[in-house]
Amino acid sequence: MLIVGPPGAGKGTQAKLIAATFGIPAISTGDIFRDNIKNGTELGKQVQSIVSTGAYVPDSLTNEIVRDRLLQDDAVSGFLLDGYPRTTEQVAELERILDESGASLDAVVLLVADTDEVVQRLLKRAVDQGREDDTEDVIRHRQDVYNEQTEPVIALYRERGLVAEVDGLGSVDDVAARVTSALRDRGIAPRPADAV
Ligand code: B4P
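Residues numbered from 1 in each chain as written. Predicted model: local features only at pLDDT ≥ 70, side-chain atom pairs only at ≥ 80, totals over all residues. Heavy atoms only, no water.

J.: Go over the overall build of the chain with me, naming the residues and quoting the values.
T.: Per the secondary structure count, the chain includes 8 helices and 5 strands. Rg of the C-alpha trace for the chain: 16 Å, near the compact-globule value of 16 Å for 196 residues, within the 12% margin. For the chain, the spread of C-alpha atoms along the principal axes amounts to about 40 × 35 × 35 Å. Looking at the 196 residues of the chain, the share that counts as buried comes to 46%. For the chain, the exposed area adds up to about 10,000 Å²; of that, 49% sits on carbon and sulfur atoms. Seen as two clouds, the 21 positive and the 34 negative side-chain charges of the chain have centres 3 Å apart. (Helix = DSSP H or I, 4+ residues; strand = E, 2+ residues; numbered from the N terminus. Rg over C-alpha atoms; globule rule 2.2 N^0.38 Å. Buried < 20%, exposed > 50% of the residue type's maximum accessible area, 1.4 Å probe, protein only. Areas by Shrake-Rupley, 256 points an atom, 1.4 Å probe, with all protein chains shown as cover. Lys, Arg positive; Asp, Glu negative; His and termini not counted. Charge placed at Lys NZ, Arg CZ, Asp CG, Glu CD.)

Spelled out as structure tokens, the structure:
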């Protein structure tokens, strides 16, 4: 599965809950980049200035990271990608990876939240966590990049009938209940053995 939506819609928050319910790993490209920046790795040095301005990391780099991650054992029987793919080139790469392993996507959860609400959430996170890309200018830039580059990705998955749209406003628990119900409507429910 994938979880998509504008920055601040609650992807990371819901991804962890969905992953726990289904017993699959939640793989966030944003978290991978931030961990590498924090640990001062070569990759971290390459992407730090990009992430801090709210631009997208080049597809070649992002695709390679995701390909490596999806080959790890814990992703063999399912995964939830959070924040990937965000460009049409990333969609094509994911398709290649899935084809090679004979897998296919079950659903794309789209979290919807209006811009003013997400800006407020991210400004609050700036105070709580001090993330470098949570200043108002950068947040607004991230929204623009999302509208330009990621909206077409969502349109593509919509055409394929994979999108489960969920209202991202309200409490975390309310949104989680909506996600579960939207997935159930598509015939996707955790098996008793899935939950961890
Ligand atoms: P991400 O880490 O994906 O950042 P994000 O879009 O802001 O999502 P995030 O998961 O953090 O926020 P969420 O909506 O959960 O990406 C960061 C950067 O990495 C990108 O700008 C880019 O540079 C790079 N990048 C990542 N993936 C890439 C890719 N595929 N290609 C190229 N570059 C890539 O939550 C936001 C806040 O809202 C949180 O503080 C949360 O506590 C709060 N919140 C959540 N749900 C709420 C609710 N129901 N009510 C109130 N608050 C809530």
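J.: I'd like a description of the UniProt feature "binding site: ATP" (unreviewed entry) in the chain, backed by residues and values.
T.: Sites flagged by UniProt as "binding site: ATP" (unreviewed entry) map to Gly 8, Ala 9, Gly 10, Lys 11, Gly 12, Thr 13, Arg 125 and Gly 170. Lining the largest cavity, from the residues named above, are Lys 11. Tracing the chain through its elements places Gly 10 in the loop between β1 (2–4) and α1 (11–22). Contact partners of Gly 10, with chain neighbours within four places excluded, come to Leu 111 and Arg 121. With respect to the helices and strands, Thr 13 occurs in helix α1. (UniProt positions renumbered as here; feature names shortened; annotations may be inferred. 1 Å grid on protein atoms, 1.4 Å probe; cavity = no way out; pocket = protein on both sides within 12 Å on 5 of 7 lines; lining within 4 Å. Contact = heavy atoms within 4.5 Å.)

J.: So what about the packing of helix α2 (residues 29–38) against helix α4 (residues 59–70)? Which residues, and what values?
T.: Packing of α2 against α4 leaves a shortest axis separation of 11 Å and a crossing angle of 100°. In terms of orientation, α2 and α4 fall into the roughly perpendicular class. Contacts from Thr 29, Ile 32 and Phe 33 of α2 reach α4 at Thr 62, Ile 65 and Val 66. Among the residues forming the contact of α2 with α4, the class breakdown is 4 nonpolar, 2 polar and no charged. (Axes fitted to C-alpha atoms, helices over the stretch in contact; angles between N-to-C directions. Parallel < 35°, antiparallel > 145°, perpendicular 65-115°, else oblique. Nonpolar A, V, L, I, M, F, W, Y, C, P; charged D, E, K, R; others polar.)

J.: Before we move on, could you go through the pairing of strand β4 (residues 108–112) and cite the residues and values that matter?
T.: In regular strands, side chains alternate between the two faces of the sheet. Of all 5 residues in β4, 4 are buried; the element is thus mostly enclosed. As paired elements, β1 and β4 share 3 bridges and run parallel to each other. Looking at the pairing, Leu 2 lines up with Val 108 of β4. Taken together, the 5 bridges between β4 and strand β5 (residues 163–167) define a ladder with parallel strand orientation. By the bridge assignment for β5, Leu 111 is matched with Val 166. (Pairing = 2+ DSSP bridges.)

J.: Any details on the side chain of Thr 87? Residues and values, ideally.
T.: With respect to the helices, strands and loops of the structure, Thr 87 is situated in the loop between β3 (80–82) and α5 (88–101). Classification of Thr 87 as buried rests on a relative accessible area of 7%. In terms of polar contacts, Thr 87 uses its side chain to reach the side chain of Asp 59, at 2.9 Å. When residues no more than four places from it in sequence are discounted, the contact partners of Thr 87 are Tyr 56, Asp 59, Gln 149 and Val 153. (Polar contact = N/O pair within 3.5 Å; in protein donor to acceptor, adjacent residues only side chain to side chain.)

J.: Which residues make up empty space enclosed by the protein, and what values go with them?
T.: In total, this model carries 1 cavity of 30 Å³ or more according to the counting rule given. Lining the largest cavity, in full, are Ile 3, Val 4, Gly 5, Lys 11, Gly 83, Tyr 84, Pro 85, Arg 86, Tyr 146 and Thr 150. Counting only elements with at least two residues in the lining of the largest cavity, the list comes to β1 and α7 (136–159). Grouping the constituent residues of the lining of the largest cavity by class yields 5 nonpolar, 3 polar and 2 charged. (Points joined across faces, edges and corners; volume = space filled by probe spheres on them.)

J.: Let's hear about α4: which residues, and what values?
T.: For α4, spanning 12 residues, the distance from its first C-alpha to its last is 16 Å, which sits close to the expected 16 Å at 1.5 Å a residue. Among the residues of α4, Leu 61, Thr 62, Asn 63, Ile 65, Val 66, Arg 69 and Leu 70 are the ones counted as buried. (Expected span 1.5 Å × (residues − 1).)

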